[in-house]
Amino acid sequence: MSEKLSGAAYEKLMTHVGWQVDRVMSLDTSGKQIVPALYDAAVAGVGGPLTMTAARKLREVVAPGDVVGLITGFPSRSFLAPGISETDGPVGAAFLARMVEEVLGAVPIIITETSLVKYSSAPSLAAGLLVTDIERALLSKRGKVKASAVGFLPFPLDDAEAQKVTRSFFETIKPKALVAIEMPSKGEDGYGHTAGGRRIVEEYLAKTDYLFHWALEYGVLRIGLGDGGNEMGMGNLRETLYRVSPVGKDIAAVTMSDVPVVGASSNWAAYGIGACLEALNLSTKTLRRVDLAGIIRRCADEGAIDGRTLRPEPLVDGTPLAMNLAVLDLMAYLIERAIESAGAA
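Criteria and thresholds
Residues numbered from 1 in each chain as written. Predicted model: local features only at pLDDT ≥ 70, side-chain atom pairs only at ≥ 80, totals over all residues. Heavy atoms only, no water. Helix = DSSP H or I, 4+ residues; strand = E, 2+ residues; numbered from the N terminus. Buried < 20%, exposed > 50% of the residue type's maximum accessible area, 1.4 Å probe, protein only. Pairing = 2+ DSSP bridges. Expected span 1.5 Å × (residues − 1). 1 Å grid on protein atoms, 1.4 Å probe; cavity = no way out; pocket = protein on both sides within 12 Å on 5 of 7 lines; lining within 4 Å. Points joined across faces, edges and corners; volume = space filled by probe spheres on them. Axes fitted to C-alpha atoms, helices over the stretch in contact; angles between N-to-C directions. Contact = heavy atoms within 4.5 Å.

## Quick notes on the environment of Ala344
Residue position: Ala344 is located in the segment after helix 14 (321–341). When its relative accessible area of 8% is taken as the criterion, Ala344 is described as buried. Between the alpha carbons of Ala344 and Tyr10 there is a distance of 8.9 Å; along the sequence they are 334 residues apart.

## A few points about the pairing of strand 7 (residues 259–262)
Neither face of strand 7 is open: one carries Val259 and Val261, the other Pro260 and Val262, and all of them are buried. Two strands pair when backbone bridges link them, and strand 6 (residues 221–226) and strand 7 are joined in this way by four bridges, in the parallel orientation. Across the sheet, Ile223 pairs through a bridge with Val259, a residue of strand 7.

## Quick word on helix 14
Taking 1.5 Å per residue, 21 residues should reach 30 Å; helix 14 reaches 30 Å between its end C-alpha atoms and fits that length. Burial in helix 14 covers these residues: Leu321, Asn324, Val327, Leu328, Met331, Ala332, Leu334, Ile335, Ala338 and Ile339. Looking one or two residues past helix 14, Gly343 carries a phi angle of roughly 80°, positive in sign.

## Description of empty space enclosed by the protein
A complete count under the given rule lists one cavity of 30 Å³ or more for this structure. There is about 40 Å³ of room inside the largest cavity. Every residue along the wall of the largest cavity is listed here: Pro75, Ser76, Ser78, Ala81, Pro82, Gly83, Ile84, Glu113, Ser115, Leu116 and Tyr204.

## Digging into the sheet that holds strand 6
Spatially, seven strands are ordered 3-4-2-1-5-6-7 in an open sheet, and the strand pairing comes out parallel. Across the chains shown, the open sheet's two edge strands, defined by having one partner strand only, are strand 3 (130–132) and strand 7. Sheet twist, expressed as the mean angle between neighbouring strand axes with direction ignored, is 25°. Alignment of strand 5 (residues 177–181) against strand 6, held across five bridges, turns out to be parallel. When the bridges of strand 6 are listed, Ala180 appears paired with Gly224. Docked against the sheet, helix 6 (residues 134–142) engages strand 1 (67–71), strand 2 (107–113), strand 3 and strand 4 (149–155), running at close to 155° with respect to strand 4.

The following block contains the structure:
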């Protein structure tokens, strides 16, 4: 924190930055009026700006060398074939991996179903990270010589195997925080669903809900990013989804989180958390350097489809590449102006 700011002034500045970033990331780009309702419910539960609250909690629990698990990989077009995903989720995971690695000095581990790894690994390279396994990723921040890396945990489809992997992850890797980015949660019927109400083929869905359920036992922070209420971590908001969506009772997530972050897309929510994470250091340096265009393009090049056009295109839930870049640029600009106005530049 700058010596020019007292503790109270700093807190006021960060709260202001949080609301500014929230306003950008939660715009109702779909026009369905579901995001505003879910966002308001999340704010009521959290008691403050969602992005800044998530960023603050991450900074409170994550020290250099600690592990942050990033869970993603929505099985899209599961009626057609396994191994298909969308740009919303993997892009945000790669972006957040870079931010927690550089800003916090943490070890990001992306957790995704085996056949979907490519949708996050290629974007992670574009994010400026070496892609490796968990053992080497841990070494990248815990040895004498440091490196910028992200590890991967391919997560099983089988229920019993998923429980074994979950237990091992908590017992041996000991994550300090888990962030789910556009990852389906099971609903009350025991199945995952699309936002439109279609049941996801159970055999194609990684059983990652166990990670959030058992995180309570291990005292691990849980942050859930979503835009439809059917994602991991959105269980806190299911009563609101029942009211505002005609398929709310069918799709509502049961998996809850400590901080549900609702955005226009889960990627935009990830941009907001990353922006606030660095804003806490009174900086936008990493935010200005990260190659978001490259991340999105690499994801689409691997075959990830856009959630609206349903084609492998460099879009995020229908929002063009240029709009995503503008969102990140606007967040950085608002943070810089706020810091300057507060006399902390």
